[in-house]
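Structural features, examined
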Amino acid sequence: MARSLSTAILPRVPNTEDDLNTDLRVRFAPSPTGSLHVGGARTALFNWLAARHAGGKFILRLEDTDRERSTPESEAEILRVMQWLGLDWDEGPFRQSERDDIYRDAIDRLKDAGAVYAAWESAEELDAMRAEARANKQAPVVRGRRDWSDDEIAAMKAEGRTPVWRFAVPLPGETVIEDMIRGTVTFDHAQIEDFVVARSDGTPTYNLAAAVDDLEMGINRVIRGEDHISNTPKQMLVMRALGGTPPQYAHVPLILGTDKKRLSKRHGAASVEELEADGFLPQPVRNALVLLGWSYDDKTTTFTMDELIEKFDVRRVSKSPAVFDMKKLEVMSGRYLRALDPDQFADELVQYLDATGYLADRGPDAADIARRSAPLVQRKMSRLTEYDRLAGWLYRPLEFEDEAWEFLANDIKHAIQAIGGGLGRLEVLDDFSMEPIKEALSDQLHVQGLSAREFLEPQRIAITGQSISTGIYESLEMLGKDAAVARYRQTLAKLAEGWTGGDA
RNA sequence: GGCGCAUUCGUCUAGGGGCCUAGGACGCCGCCCUCUCACGGCGGUAACACGGGUUCAAAUCCCGUAUGCGCUACCA
């Protein structure tokens, strides 16, 4: 159910042509060289939302032309994480490594059109050219020689050298991007080098493959990271040389770490995989991701997937980079967990504990304990990993954390009185459920004339051994009378040991 | 060095010339909620990078400066 309040607030740019643009074709094109990054995940989300909003198609393409760094494991991981996030694709996944014929054909067409030329310069010559340009405060753009004589070429071939193919950037000239987010961005051709489209072994480079694929797959809108913006004119040039029309572009700002540098591993959880392991559910992750660089209005901070689909509009994406704040994710996660239906929460919790191997390590009753304890922890957690800190005591015999024991040992006499008082009331209770327990303990508290903390804290430690735990009344109820009484006695006995020889 | 982009509270942002003595959220600080941890409630702290224009009026438009980031490969 959408909030009628927020729908009453009009977005700045009314959705017009996009709303029914069922021809919209967007794509997400990661290179499988690692796990899916937070930045990549957000790009994927934006694309997915744009497609779903318009009723268009979302295409997945793996850019694995770098055979050195691309791995099947990484590819599998990316697909897995996409599914975890709920981002389903309509076409693909396509692999560039399987489309070699298409690229070779495109390269041939570029050759026929005279748009590319063979460049024989060696790596050293190239380095020298760039170094010289830099020294002269010029743009370090490479323009290969195009006037090699037949003899020279024959000589190099004899040496075993093979040329790369460079795109002949038309001079003078400029390429203009009408970016949906950044507005008009102009690149002077003088600043664009004659980039390589085919390596000396004949394989395509990124700029060629991406351009060809976007054309061939009918992509009409490219939503990608701003780090690609300087590649865009190159790809547009290639597309036009092939007789195609470039798509609409929307370059989204980068996601930064807290040091304002592009987010990477050293910033902690930088991949979706890590967020998953850190106990976050997909929904809050999506919510946090979408709000990096995008907002619907000045107030709304939580969205269901349906609301996002309805409201998302790339044109409202911000131009400036955003710092990824884990704390905010945590807050969203906590809110989401608390808002869950109790049964649903229990399902998620058990599933998580099972998936992480937590239950397997804790005996046959573990799943049952986990499910029954879910209501005791739902309000207290902001991520699933916090479960053990609160409810870990349920799975083991009574043992005291140092800090908790110190609390008791600090004043053994008082501890014995409080715990003994609690035990006296609890062991005679017939109905060992939450309300009677609470009444009995509250009454005893008054009888002994102690403050709530003075009286209740020892009770907590007596049964949980922890100073941070689930609530006392519900914990006692869950434990059941026999187990609770046993724990009380055990604590008392241990305290008595410490008391002998003490100061009565 | 070259080119490009960006710049509102610590963070994410609202803001498209007067509605802005700049709004919201998170954080942080304080108080409340007679069980810890949390939750929740209430209150507070905190920003238009700087300098010039344009205009009756600028956070909003223009120019410059500074700073930051991105790209600058036969990586993607």
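Residues numbered from 1 in each chain as written. Chains lettered and ligands numbered in written order. Predicted model: local features only at pLDDT ≥ 70, side-chain atom pairs only at ≥ 80, totals over all residues. Heavy atoms only, no water.

**Points about the environment of R104**
Worth spelling out the cut-off: Secondary structure is summarised from DSSP: a helix means a run of H or I of at least four residues, a strand means a run of E of at least two, and numbering begins at the N terminus for each. Accessible area is worked out with a 1.4 Å probe on protein chains only. A residue is then buried under 20% of its type maximum, exposed over 50%, and partly exposed in between. In the analysis that follows, any N or O atom pair within 3.5 Å is treated as a polar contact, provided that within protein one partner can donate a hydrogen and the other can accept it, and provided that, for residues neighboring in sequence, both atoms belong to side chains.
Relative to the assigned elements, R104 resides in helix α4 (residues 100–112). Judged by relative accessible area, R104 falls into the partly exposed class, the value being 34%. As for R104 and P204, which are separated by 100 residues in sequence, their C-alpha atoms are 7.5 Å apart. A polar contact of 2.6 Å, which involves the side chain of R104, links it to the side chain of D100.

**A closer look at the sheet that holds strand β5 (residues 164–167)**
Test applied: Whether two strands pair comes down to DSSP finding at least two bridges between them. Orientation is described by lines fitted to C-alpha atoms, with helices fitted over the stretch in contact, and by angles between N-to-C directions that extend from 0 to 180 degrees.
The 3 strands are arranged β4-β5-β8 in an open sheet whose pairing can be described as antiparallel. In this open sheet, the two strands that pair with only one neighbour each are β4 (116–119) and β8 (196–198). Strand after strand, the sheet turns through a mean of 45° between neighbouring axes, direction not considered. Pairing of β5 with β8, which is carried by 2 bridges, proceeds in the antiparallel orientation. Bridge assignment links R166 to a residue of β8, and that residue is V196.

**Examining unusual backbone geometry**
For the peptide bond that leads from L171 to P172, omega is -10°, which places it in the cis range. Following the sequence through the fold, P172 ends up in the loop between β5 and β6 (174–179). Despite not being glycine, K137 shows a phi value in the positive range, around 55°. Mapped onto the secondary structure, K137 falls in the loop between α5 (123–135) and α6 (150–158).

**Here we look at the confidence of the model for chain A**
Let me state the cut-off plainly: For every residue, the predictor assigns a confidence score, pLDDT, that lies between 0 and 100. Working rule for contacts: check all heavy atoms of both residues, and any pair within 4.5 Å makes them a contact.
When pLDDT is averaged along chain A, the result is 90, and 94% of the positions lie at 70 or above. Of the regions scoring below 50 in pLDDT, residues 1–16 engages in 24 contacts with residues more than four places distant in sequence or in other chains. Listed scores for the predicted complex are pTM 0.90 and ipTM 0.93.

**What to know about the pattern of salt bridges**
To keep it simple, the criterion reads: Take a side-chain nitrogen of Lys or Arg and a carboxyl oxygen of Asp or Glu: if they are within 4 Å of each other, that pair is a salt bridge.
This model, assessed by the stated rule, comprises 33 salt bridges. Linking D388 and R362 is a salt bridge whose minimum nitrogen-to-oxygen distance equals 3.9 Å. Linking D388 in helix α15 (residues 387–391) with R362 in the loop between α13 (342–355) and α14 (366–377), this pair joins segments that are 26 residues apart in sequence. On the basis of relative accessible area, D388 is assigned to the partly exposed category, the value being 31%. Between R489 and E427 there is a salt bridge whose closest N-O contact spans 2.7 Å. Residue R489 is located in helix α21 (residues 481–499), and its partner E427 is located in the loop between α17 (412–426) and α18 (434–448); the two are separated by 62 residues in the primary sequence. In this structure, a network of salt bridges that share partners links the residues R27, R61, E63, R99, D213, D214 and E216.

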